Amino acid sequence: MSRINDFVVRFANVNGTGSASANYLFAKSVFRMGVPVSAKNIFPSNIQGLPTWYEVRVCEKGYLGRKEGIDLMVSVNPQSFKRDIASVKTGGYFLYDNTKPLHEEFLRDDIHFIGVPLMDICNREFTDPRQKQLFKNIVYVGAIVRLLNIDTSIIEGLFAEQFQGKEKLIAPNVKALHLGSDYVRDNFRYPLEFSVEVRDLVGDSIMIDGNSAAGLGAVYGGASVVSWYPITPSTSLVSAFEDYAKKLRKDPLTGKNNYSIVQAEDELAAIGMAIGANWNGARSFTATSGPGISLMSEFLGLAYYAELPVVLVDVQRSGPSTGMPTRTQQSDFISAAYASHGDTKHILLIPSTPTECFDMMADAFDYAEQLQTPVIMMSDLDLGMNEHMTSPFQWDDNRKYKRGKVLTASQLDTLPSWGRYRDVDGDGIPYRTLPGTHPTKGSYFTRGSSHDENAAYSEDSATYVRIMDRLLKKLETAKKILPAPQVYQSGKNSDHAILFYGTSMHAAEEALDVLKMEGTPMDAIRIKAFPFSFEVSEFIELYDKVFVIEQNRDAQVRALLINELEINPKKLVKVLNYDGTPITADFILKSIHQHLIQPNN
Amino acid sequence: MTYIKPKFAHPRLPKNELGFTRKEYEGSLSTLCAGCGHDSISAAIVDACFEMNIEPHRVAKMSGIGCSSKTPAYFLSNSHGFNSVHGRMPSVTTGANLANRSMIYLGVSGDGDTASIGMGQFAHVVRRNLNMTYIVMNNGCYGLTKGQDSATADYGSVNKTGNMNSFEGIDLCALAIELGATFVAQSFSGDKGQLIPIIKAALSHSGFALINVVSPCVTFNNNQGSTKSYDYVREHNETLSSLDFVPVKEEILTDYDHTKVTMVEMHDGSMIKLNKLSPEWNPEDKLSIMTALHKAREKHEILTGLLYIDNQSTELNELLNTTSVPLNQLTEKELCPGSAILEEICRGLR
């Protein structure tokens, strides 16, 4: 069987040695050759010194999920030699720095060892101590480029782009690249039995991480006030917003900023600022991760009850508590959906790709302002921090922001009367006014205490119930405008179906293809928003069993489906990956097979 | 309950330059206890805004949770108000101000809301020099939960249940000066003559203006032994400065004693005429006021008046280099870079 364009390379490095950008060079070169590729950084919560891994899957068929089984391990970290060698597939390759000999106990006779004296080469060829360290990374990239039949000129092109404005760095990088490539040429048989061949399979795709895409989406969506508190893995989202805003949001005449960013003292202040800005009519958001959601909960309840728009991104990581801060999970669904005390319910958007991060981020401001309530985009570390192949972003220049029901001064003048929380249109969404609009009309007191339709404090039971019920009605309206689920149906209904969301998409789609090939095709649905629309319950109705694929321990979205749609729990089979690494198709298939053999286990 | 006051006003009530009567700066009927110091502060806010000809709708009233935080319902009913969550008024006000820098932000808070649960946000809003007036209605106790000591209760003071406070009270003025506040004043709710010009000056200040107002709690902290009772404050109030606020258009009478009177020019061109009552103290010198505050503390006195001002203050929007157009007025034209630039960005990602 041909192994062209179908293999996995894993890099084992020491954190903080600049390896991730070298490894990305390799992934990007495969992409430049027109071959689908996915790259995943599996890194520790550490600045320098601990082991870190980087996985690149090359897949002609276009599957972008993670895959188990390593064909080529590139290891420059003796700390993790033992487990790295153990993780290589039989018949696979282990490339290592043989400046120091490999201890015999590490050797395996069912894999190939490729020793490249990275340290020796760098010590000989470079004088600067920092360069000796950094260029080890480029030397091994050069070595694998030769082993996998990649044209060095592609990497050279990437250097030229990377070092624009710092051109003197290009020559030593090119030199290091060739040192690695030449060493393989002179010492080993190449290419390996798996390698890269040029194809035309990536179309007009781009490569970007979800956080950068969301940051850009916020610029396009009109966010002008951003407040945030640093937390992995959401930090790079706000950094991306800032980088893009610096270029795209400067007033051309004055050089002043058409945006404000404040690094808050904590997550409470971050969401408080975002709510204050939205109350005052600017589009504003904050980004955080699980611990931040816990801290922001009280404020989310205020925004829900006082009916204020606000956009929040939760780039999920492994919990509970501090958990594994640099590992991925989808484990904040329950805490986000019902964040805050009392009866609350929030809108969640669930992107699966950077393109959806861009689109949903821009749309989130429309939803929040139309519905006057918090909107939380549920990304995760895998989506947010890894570079993914994804379709290019698009924007309709005729698009107008949907600012929702906000009364102008002249509307206030002509209205016979107005009450902040009156349901005039029957859709559960009241009309709001912004401070400073009219000298004598439209002012009201925004409060988290119980209020009547005119925003006056009230402890009247009937009034309280009326307002609480209207808030539910508003969420019914939300279901009609939020993104509909994506349905995968063949027309001939299977007994079983699969339900998934977020970053499980690539692995789930791959599993669906395998099931089809195995002769047991299944239909599927991908959920993109909460509260769930009627399409979700209609879909689940059609099948005996639905496998609910999630990356958390407690089957959180399954719980939401049972709670919100009153589905019989026996119908929803849990498929749960929660070890902190992105889910794979193999894992999904194994779980499904197991259930089909022993349904009661 | 919020009670509705009659809207009827006598046609001959005096009007300000905008044609508004004082009544149009009032709010709903207060539901605080009869004699509460907070109501006097609300009245002083009404007077200050009326006399300064402020358009009520240009003011945003911000608050947290507590007796003090209820008061925005009792003044300026033509202004939007935001009663947020406990101790978090500063962050909500920061966001609101960044969204629209052209409005006046008037925050009211209490000693619990500021010095306990809200201490973190208070410290950081001071540090950022947010352009706002922050009034602390400071009574040294938690009224709504029936009189527990707050973090500003003085060491040794005795609360209504007879317990002595064995912790040091936090001096919000000294703290604010230390944190970089650019306008710090202290007053007493019973001294309207001093409080009104202080509020006017604070509203004119460009940057963070703190007014710590000792405001006795008649129900829980007006007993013998309390250092925040009417009697105690009247007896131990040491006035450091008396001041007049001189609006932009008014002519300043030139005939004054320069050794005793300091003129401070505000950002908008208005002036504060400050009568210094202590020769060692200079309102623009942090060291001298910190010394004065420490000395007063030793003597169990409360210094009142404008304590410190930095009239060269640079407020947050200026620090962030934000456009002068309020951000909430920007449209797709200024906010959205458009499809051509997006295509260019995508080209760079291939």
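To be clear, the structure that these remarks concern was listed above.
These remarks concern the structure in this document. (Residues numbered from 1 in each chain as written. Chains lettered and ligands numbered in written order. Predicted model: local features only at pLDDT ≥ 70, side-chain atom pairs only at ≥ 80, totals over all residues.)

Here we take up the overall build of chain B. Each helix and strand counted, chain B has twelve helices and 13 strands in total. For 350 residues, the compact-globule estimate of 2.2 N^0.38 gives 20 Å, and chain B sits close to it at 21 Å. The principal-axis extents of the C-alpha atoms in chain B amount to approximately 75 × 50 × 50 Å. Residue burial in chain B is summarised as follows: out of 350 residues, 54% are buried. Restricting to contacts in chain B with at least 6 residues of sequence separation, those with at least 24 account for 71%. (Helix = DSSP H or I, 4+ residues; strand = E, 2+ residues; numbered from the N terminus. Rg over C-alpha atoms; globule rule 2.2 N^0.38 Å. Buried ≥ 20, exposed ≤ 12 C-beta atoms within 10 Å, placed from the backbone. Contact = placed C-beta atoms within 7 Å.)

Accessible area lost upon the coming together of the parts serves often as the stated size of an interface. Each side of the interface is counted separately: chain B has 52 residues, and chain A has 57 residues. Those elements that place two or more of their residues in the side of chain B that touches chain A are β2 (80-83), α3 (89-99), α5 (119-127), α11 (332-335) and α12 (339-347) of chain B. Each residue belonging to the side of chain B that touches chain A can be placed in one class, and the counts come to 22 nonpolar, 24 polar and six charged. Two strands pair when backbone bridges link them, and strand β15 (residues 445-447) of chain A and β2 of chain B are joined in this way by three bridges, in the parallel orientation. When the sheet's bridge partners are listed, T446 of chain A is paired in β2 of chain B with F82 of chain B. (Nonpolar A, V, L, I, M, F, W, Y, C, P; charged D, E, K, R; others polar. Pairing = 2+ DSSP bridges.)

Looking now at the packing of helix α1 (residues 19-32) of chain A against helix α4 (residues 129-147) of chain A. Residues and elements named next belong to chain A. Orientation of α1 relative to α4, taken along the N-to-C sense of each, is 20°, at an axis distance of 9 Å. Put simply, α1 runs roughly parallel to α4. Note that α1 runs across α4; the crossing there is right-handed. Listed contacts from α4 to S19, A22, L25 and F26 of α1 are N137, I138, V141 and I144. Split into classes, the residues belonging to the contact of α1 with α4 amount to six nonpolar, two polar and no charged. (Axes fitted to C-alpha atoms, helices over the stretch in contact; angles between N-to-C directions. Parallel < 35°, antiparallel > 145°, perpendicular 65-115°, else oblique. Left-handed = near helix turned anticlockwise from the far one by under 90°.)

Let's shift gears to unusual backbone geometry. Residues and elements named next belong to chain A. Each neighbour pair has its own omega, and for T232 with P233 the value is 5°, a cis peptide bond. Structurally, the position occupied by P233 is in the loop between β8 (225-228) and α8 (235-248). Across the junction of G319 and P320, the peptide omega takes the value -5°, indicating a cis bond. Among the secondary structure elements, P320 is positioned in the loop between β11 (310-316) and α11 (333-337). Backbone geometry places E307, a non-glycine residue, at a positive phi of 60°. On the basis of neighbour count, E307 is assigned to the buried category, with 22 C-beta atoms found within 10 Å.

Moving on, we come to the environment of G35 of chain B. Inspection of the secondary structure assignment puts G35 of chain B in the segment before α1 (37-51). Separated by 184 residues in sequence, G35 of chain B and T219 of chain B have C-alpha atoms that sit 9.0 Å apart.

A word on the pairing of strand β11 (residues 261-265) of chain B. All names here are of chain B. Bridge count between β11 and strand β12 (residues 271-276): five bridges; the pairing is antiparallel. Residue pairing across strands places V264 opposite I272, the latter belonging to β12. In sequence, β11 turns back onto β12 through a hairpin of five residues, with G269 there showing a positive phi of about 95°.

Nonpolar side chains in soluble globular proteins tend to be buried together. Ranked by internal contacts, the top residues of the largest apolar core, which has 270 residues, are L95 and I144 of chain A together with L210 of chain B. The residues touching L210 of chain B, leaving out its near neighbours within four places in the chain, are Y134, C173, A176, A181, F183, V184 and A185 of chain B. (Core = buried A, V, L, I, M, F, W, Y, C linked by C-beta atoms within 7 Å.)

Another aspect to go through is helix α18 (residues 556-565) of chain A. Within α18 of chain A the residues assigned to the buried category are Q556, V557, R558 and L561 of chain A. Of the residues flanking the end of α18 of chain A, it is E566 of chain A, one or two places downstream, whose phi is positive at about 55°.

Time to look at the pairing of strand β18 (residues 523-527) of chain A. Residues and elements named next belong to chain A. The buried fraction of β18 is high, at five of five residues. Residues D523, I525 and I527 line one face of β18 and the alternating positions A524 and R526 line the opposite face, and both faces are buried. The pairing of strand β16 (residues 486-488) with β18 spans three bridges and is classified as antiparallel. When the sheet's bridge partners are listed, V487 is paired in β18 with I525. Where strand β17 (residues 496-501) meets β18, five bridges bridge the pair, whose relative direction is parallel. Across the sheet, residue F500 finds its bridge partner in β18, namely R526. Taken together, β17, helix α16 (residues 505-517) and β18 constitute a β-α-β crossover, and its handedness is right-handed. (Right-handed = clockwise from strand over helix to strand, strands pointing away.)

Another point: the sheet that holds strand β10 (residues 241-246) of chain B. Across a sheet, paired strands are connected by hydrogen bonds in the backbone, their directions being either parallel or antiparallel. Residues and elements named next belong to chain B. Ordered by their spatial adjacency, three strands build an open sheet running β10-β12-β11, and the pairing between neighbours is antiparallel. Edge positions in the sheet fall to β10 and β11, since each of these pairs with one other strand and no more. Direction aside, neighbouring strands of the sheet carry axes that sit 20° apart on average. Strands in contact with helix α7 (residues 192-204) are β10 and β12; relative to β10, the strand with the most contacts, it is inclined by about 55°.

Now for the packing of helix α6 (residues 172-179) of chain B against helix α9 (residues 286-298) of chain B. Angle between the axes and distance between the axes: these two values describe a pair of packed helices. Residues and elements named next belong to chain B. Across the interface, α6 lies against α9 with an axial gap of 10 Å and an inter-helix angle of 155°. Judged by the inter-axis angle, α6 sits roughly antiparallel to α9. Like other packed secondary-structure pairs, α6 and α9 cross with a definite hand, here left-handed. On α9, the residues touching C173, A174 and I177 of α6 are K286, I289, M290 and L293. Classifying every residue of the contact of α6 with α9 gives six nonpolar, no polar and one charged.

Our focus in this paragraph is the sheet that holds strand β2 (residues 37-42) of chain A. All names here are of chain A. Taken together, six strands build an open sheet; the order of strands is β2-β3-β1-β4-β5-β6 and the sheet is mixed. One side of each edge strand has no neighbouring strand; the edge strands of this open sheet are β2 and β6 (112-116). The mean angle between the axes of side-by-side strands here comes to 15°, regardless of whether they run parallel or antiparallel. The sheet contact formed by strand β4 (residues 70-75) and strand β5 (residues 88-97) spans five bridges and is parallel.

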